[in-house]
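# Examination of the molecular architecture
Single-letter residue listing:
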Amino acid sequence: MDFVHKSVLFDESINALNIDNKKIILDGTAGGGGHSREIAKNAGRLIAVDQDPDAIKILGERLGGLENVTIVKNNFSNIKQILADLGIDKIDGVLLDLGVSSFQLDTDERGFSYHKNAPLDMRMSKTGISARDVVNTYSEQELSNILFRYGEEKFARQIARNIAAFRQNEPIETTFQLVDIIKASYPKSKMRDSHPARKTFQAIRIEVNKELDVLEKTLDDALDCLNTGGRLCVITFHSLEDRIVKERFNSWLNPCTCPKEFPVCVCGKKPLGRLPFKFKAPTDTELEENPRARSAKLRCFEKL
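A quick note: this is a predicted structure, and the numbers were derived from the prediction, not measured.

### A short note on the environment of E142
By secondary structure assignment, the location of E142 is in helix 7 (residues 140–151). For the pair E142 and Q104, spaced 38 residues apart in sequence, the C-alpha separation works out to 26 Å.

Structure below.
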């Protein structure tokens, strides 16, 4: 197994963590170990977390020999329990590289890619409901809502209607079956804009892995786990993720709950930290080397 993952915004995220040899850093999406290896070189201790059993195997091979590295198979939403199990109270940095990894996309049988014919799966942890379960058991209305909410898909109703019609005769088993249904749901005039399956596959993947719900919970818990001066760095890949991170960071910057008409704050709630920078995007050089990074954004929050 060759877990290849091009770490997006590599230098930017490593620098944003502000690492030194006394700090404990948690990489909540360690994947193939790209960011993790660099963190381990400079930090006092690295906790490398991933929910994907394939990633855990590769991390063991690549990082297992390092004395300052602890590898944990878990979802980063359980950050408080992970640290409690390790007897750690507070840490100095958290990195979350969201979305699906290059390895997951490029491994046909994982069913993440609309460019490859494979069983519908999309489970990052290889457990729980799969994409097959979603497209074959959710109601037409539920499917339409998911495609519109998580994929921002304009043709959600047509796609959901055609999915429901197709499965009356046989279950939808493969990625290409689903792609064909999506293509048949699109107006021909819109087929050239981008791949018609992109938004639907994103939406179903988010639903399968409960990605946005997990992210919302994790941000608050991660902040609680940080020492003063600790940094939370998050790399997002689409507007839904980025909006959640941006809005949560802004709420921490201004937690005041006083009515807007009050001339001064009386609630006493002070800012929880600061933004070292607004956000960082990939350079032209990185985009040439890794086109999948085109929508990536790095945001960082430092706890006061």
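Anyway, onward from the coordinates.
### A short note on the packing of helix 8 (residues 156–166) against helix 9 (residues 175–185)
The geometry of helix 8 relative to helix 9 is characterised by a closest axis approach of 9 Å and an angle of 130° between their N-to-C directions. By the angle between their axes, helix 8 is oblique relative to helix 9. Crossing of helix 8 over helix 9 shows right-handed handedness. Where helix 8 abuts helix 9, its residues Q158, I159, N162, I163 and F166 lie against Q177, L178, I181, I182, A184 and S185. Of the residues that constitute the contact of helix 8 with helix 9, the class distribution is seven nonpolar, four polar and no charged.

### Looking at the sheet that holds strand 1 (residues 24–27)
Taking strand neighbours across the sheet as the criterion, the seven strands line up as 3-2-1-4-5-7-6 in an open arrangement whose pairing is mixed. Because the sheet does not close on itself, it has two edges, and the strands there are strand 3 (69–73) and strand 6 (273–274). Sheet topology note: the strand 2 (residues 45–50)/strand 3 ladder contains five bridges and is parallel. When the bridges of strand 3 are listed, I47 appears paired with T70. Strands strand 2 and strand 3 of the sheet are contacted by helix 3 (residues 53–63), whose axis makes an angle of about 165° with strand 3.

### Let's talk about the state of the cysteines
Simply put, disulfide is the name for a covalent bond between the sulfur atoms of two cysteines. Scanning the entire structure with this criterion turns up zero disulfides. Free cysteine: C225, not disulfide-bonded; nearest cysteine sulfur from C233 at 15 Å. The thiol of C233 is unpaired, and the distance to the nearest cysteine sulfur, on C300, comes to 3.6 Å.

### Structural notes on the nonpolar core
Among the nonpolar cores identified, the biggest contains 60 residues, and I47, I91, V94, L178, I204 and L232 are the most heavily contacted of them. Once residues lying within four places of it in the same chain are set aside, the contact partners of I47 are I24, I25, L26, D27, T70, V72, I82, L83, L86 and I88. If you look at the next biggest cluster of nonpolar residues, it comprises 26 residues, including I25, A48, F277 and A293.

### Quick look at the pattern of salt bridges
Inspection of the entire model under this criterion finds 20 salt bridges. Across the salt bridge formed by E152 and R243, the nearest N and O atoms sit 3.9 Å from each other. Placement of E152 in the loop between helix 7 and helix 8 and of R243 in helix 12 (residues 239–253) is noted, with a sequence separation of 91 residues between them. Here R205 ties to E211 by a salt bridge, and the two come within 2.8 Å at their closest N and O atoms. There is no split in this pair, since R205 and E211 are both buried.

### Here we look at the packing of aromatic side chains
Both the distance between ring centres and the angle between the ring planes are used here to describe each pair of aromatic rings. Considering all chains together, one arrives at five aromatic pairs under this definition. Members of the aromatic cluster, joined through ring pairs, are F249, W252 and F301. Seen from the ring of F277, K280 lies directly overhead, with NZ or CZ sitting 4.7 Å from the centre. Over the ring of F279 we find K297, and its NZ or CZ is 4.6 Å from the ring centre.

### A short note on helix 11 (residues 211–225)
Taking 1.5 Å as the rise per residue, helix 11 with 15 residues should run 21 Å; its terminal C-alpha atoms sit 21 Å apart, in good agreement. E211, L212, V214, L215, T218, L219, D221, A222, L223 and C225 are the residues of helix 11 that are buried.

### Let's talk about the pairing of strand 2
When you tally the buried positions in strand 2, you get five out of six residues, the bulk of the element. Where strand 1 lies against strand 2, four bridges are found, and the strand directions are parallel. Note that in strand 2 the partner of I24 across the bridge is R45. This β-α-β element, strand 1 to helix 2 (residues 34–42) to strand 2, shows right-handed connectivity. Note on the crossover from strand 2 through helix 3 to strand 3: the handedness is right-handed.

### Thoughts on the packing of helix 11 against helix 12
It is the contact of helix 11 with helix 12, at a shortest axis distance of 10 Å, that shows an interaxial angle of 25°. As judged from the angle between their axes, helix 11 and helix 12 are roughly parallel. Crossing of helix 11 against helix 12: the hand is right-handed. Residues E211, L212, L215, E216, L219, D220 and L223 of helix 11 pack against L240, E241, I244, V245, R248 and W252 of helix 12.

Rules used throughout
- Residues numbered from 1 in each chain as written.
- Predicted model: local features only at pLDDT ≥ 70, side-chain atom pairs only at ≥ 80, totals over all residues.
- Heavy atoms only, no water.
- Helix = DSSP H or I, 4+ residues; strand = E, 2+ residues; numbered from the N terminus.
- Axes fitted to C-alpha atoms, helices over the stretch in contact; angles between N-to-C directions.
- Parallel < 35°, antiparallel > 145°, perpendicular 65-115°, else oblique.
- Left-handed = near helix turned anticlockwise from the far one by under 90°.
- Contact = heavy atoms within 4.5 Å.
- Nonpolar A, V, L, I, M, F, W, Y, C, P; charged D, E, K, R; others polar.
- Pairing = 2+ DSSP bridges.
- Disulfide = S-S within 2.5 Å.
- Core = buried A, V, L, I, M, F, W, Y, C linked by side-chain atoms within 4.5 Å.
- Buried < 20%, exposed > 50% of the residue type's maximum accessible area, 1.4 Å probe, protein only.
- Salt bridge = Lys/Arg side-chain N within 4 Å of Asp/Glu carboxyl O.
- Phe/Tyr/Trp six-rings, centres within 6.5 Å; stacked < 30°, edge-to-face > 60°.
- Lys NZ or Arg CZ within 6 Å of the ring centre and 35° of its normal.
- Expected span 1.5 Å × (residues − 1).
- Right-handed = clockwise from strand over helix to strand, strands pointing away.

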